[in-house]
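Here's the letter readout for the chains.
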Amino acid sequence: MKSVGLALSGGAARGIAHLGVLKAFDELGIKPAILSGVSSGAIVAVFYAAGFNPDDILRLIKGLRIYRIMRLAIGQVGILHLDEVEKLYYRYLGKQATFEDLRLPVIIGATDMHAGVTVHFSSGELIKPLIASSAVPVLYRPVHYKGMLLNDGGLLDNLPIEALEGKCEFKIGVHSNPLNHEARITSLRSMIERTAHLAINNNVQLRRHQCDYFIEPPELKYYRLMSFSKADAMFDIGYSYTMSIKEELLKLVG
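The name that an unreviewed UniProt entry assigns to the protein chain is NTE family protein, with the source organism given as Pontibacter ramchanderi.

J.: Can you break down the pairing of strand E5 (residues 106-112) residue by residue, with the values?
T.: Buried residues dominate E5, accounting for 7 of its 7 residues. Along E5, one buried face is formed by Val106, Ile108, Ala110 and Asp112 and the opposite face, lined by Ile107, Gly109 and Thr111, is buried too. With 3 bridges joining them, strand E2 (residues 32-37) and E5 adopt parallel strand pairing. By the bridge assignment for E5, Leu35 is matched with Val106. Pairing of E5 with strand E6 (residues 117-121) involves 5 bridges; the strand directions are antiparallel. Looking at E6, one finds that Thr111 is bridged to Thr118. Joining the antiparallel neighbours E5 and E6 is a turn of 4 residues, in which Gly116 adopts a positive phi near 70 degrees. In this sheet, strand E8 (residues 148-152) lies alongside E5 in antiparallel orientation, the contact comprising 3 bridges.

J.: Which residues make up the environment of Phe170, and what values do they have?
T.: Tracing the backbone through its elements, the reader meets Phe170 in strand E9 (residues 170-174). Phe170 gets classed as buried once you look at its relative accessible area, which sits at 6%. The spacing of Phe170 and Ile192 is 22 residues in sequence and 36 Å in space, taken between C-alpha atoms. Setting aside chain neighbours within four positions, we find Phe170 in contact with Lys2, Ser3, Val4, Gly5, Asp212, Tyr213, Leu252 and Val253.

Cut-offs used in this document
Residues numbered from 1 in each chain as written. Predicted model: local features only at pLDDT ≥ 70, side-chain atom pairs only at ≥ 80, totals over all residues. Heavy atoms only, no water. Buried < 20%, exposed > 50% of the residue type's maximum accessible area, 1.4 Å probe, protein only. Helix = DSSP H or I, 4+ residues; strand = E, 2+ residues; numbered from the N terminus. Pairing = 2+ DSSP bridges. Contact = heavy atoms within 4.5 Å.

In structure tokens form, the structure reads like this:
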């Protein structure tokens, strides 16, 4: 079997579908040699590489109530902070966790807001890059790290497939944000979500051709970015869709 690299997109709650994809991979005997990820994709990649199985990661996510994440950070560059998420990482990964502690190599993408570029992290301290990769600009407080001001990696590159170049034989991109072309904009909130979705989806399409194989479960288009209460359904969508393409997938990687 070819050595497989897996790039996991951001997608907020929709990123839970990555766990279903990984569960299907486990059952099919497809073991990634390396993972890259941004935002929710980075979280999934790190916990999977740390040895947690997809079902266990799902339980951890469901146990983190959304109201605990939505804590104000008045006076900061962002209006919310990710302190509760940070505590979760410390608890399960270790406060001094490094990339070298992981069982599989992982590359995390974040955006340096000062320089206006994507930066990748794959060695040294793990927690700060992981937090930064999920910190949506304006909404969440950015992370100061090594002289950089870091925010969500999906802003410039929501499918970090380039990070896998030369590090594996077969690159698979998993995108959890298919567009719903029948969506209707009915509120300011839906307009903001749609604007962000269109912009981020565009940077994914620019990179799609770099994938040797592209996975995008279409049913995810019916779920909102913050639909954490639908975690089980999105997990099942990722799993079922991957199993539905298993023959083609196994033929290509095997």
